[in-house]
Amino acid sequence: GAIQGVSIPFCVVHALDDPLITWRAVAANEGFLHPSNLVQSGDGNTMILLTKSGGHVGWPTGMIPFLDKWRWMSELPLSYAAAVDKARRKANQN
């Protein structure tokens, strides 16, 4: 797989209850895509986040989803980018 060749920080987010695309598209119970094998491959640039729920349309939040919209999904890339930037700045200080 090409996943070990990723050279920049990359986050894959997938819901286990996605009715259209199985979580096994990004991980598996055995072989190369088993999480223990994936974490030992590449340069440590890939993060796989599997959530228990979220469906196929992006993790709506709250009791009335149209009020909060898809806040979690919208904020996740920003939080990830901020964390990557913080880690890089800290590494550059050392």
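Bear in mind that the values here come from a model prediction, so they are computed numbers and not experimental data.

**Some remarks on the overall build of the protein chain**
The helix and strand tally for the protein chain stands at three helices and two strands. Ordered by position from N to C terminus, the α and β elements of the protein chain give β-α-β-α-α. With 94 residues in all, the protein chain has 20% of them scored as buried. Contacts in the protein chain between residues at least 24 apart in sequence constitute 60% of all its contacts with a sequence separation of at least 6. Accessible surface, the protein chain as shown: approximately 7000 Å² in total, 60% of it carbon and sulfur.

**Thoughts on a nonpolar patch on the surface**
A surface patch of nonpolar side chains, amounting to about 360 Å² of accessible area, comprises Val57, Trp70, Trp72 and Met73. Tracing the backbone through its elements, the reader meets Trp72 in helix H3 (residues 71-93). Trp72 sits in the partly exposed class, given a relative accessible area of 32%.

**Overview of the side chain of His14**
You can see His14 is positioned in strand S1 (residues 10-15). At a separation of 2.9 Å, a polar atom in the side chain of His14 contacts the main-chain carbonyl oxygen of Ile21.

**Details of the pattern of salt bridges**
By the definition in use, this model includes one salt bridge. Where Asp85 meets Arg89, a salt bridge forms, and the shortest distance between an N and an O atom there is 2.8 Å. Residue Asp85 and its partner Arg89 are located together in helix H3, separated by four residues, close to a single helical turn.

**Structural notes on the confidence of the model for the protein chain**
Taken as a whole, the protein chain shows an average pLDDT of 78; of its residues, 83% reach a score of 70 or greater. For the protein chain, per-element mean pLDDT is lowest for helix H1 (residues 35-38), which scores 68, and highest for H3, which scores 88.

**With respect to the environment of Ala81**
Within the secondary structure, Ala81 sits in helix H3. Residue Ala81 is classed as partly exposed on the basis of its relative accessible area, which comes to 44%. For the pair Ala81 and Phe10, spaced 71 residues apart in sequence, the C-alpha separation works out to 9.4 Å.

Criteria and cut-off values
Residues numbered from 1 in each chain as written. Predicted model: local features only at pLDDT ≥ 70, side-chain atom pairs only at ≥ 80, totals over all residues. Heavy atoms only, no water. Helix = DSSP H or I, 4+ residues; strand = E, 2+ residues; numbered from the N terminus. Buried < 20%, exposed > 50% of the residue type's maximum accessible area, 1.4 Å probe, protein only. Contact = heavy atoms within 4.5 Å. Areas by Shrake-Rupley, 256 points an atom, 1.4 Å probe, with all protein chains shown as cover. Patch = residues over 30% accessible without salt bridge, like charges linked within 9 Å, V, L, I, M, F, W, Y side chains within 5 Å. Salt bridge = Lys/Arg side-chain N within 4 Å of Asp/Glu carboxyl O. Polar contact = N/O pair within 3.5 Å; in protein donor to acceptor, adjacent residues only side chain to side chain. pLDDT = per-residue confidence, 0-100.

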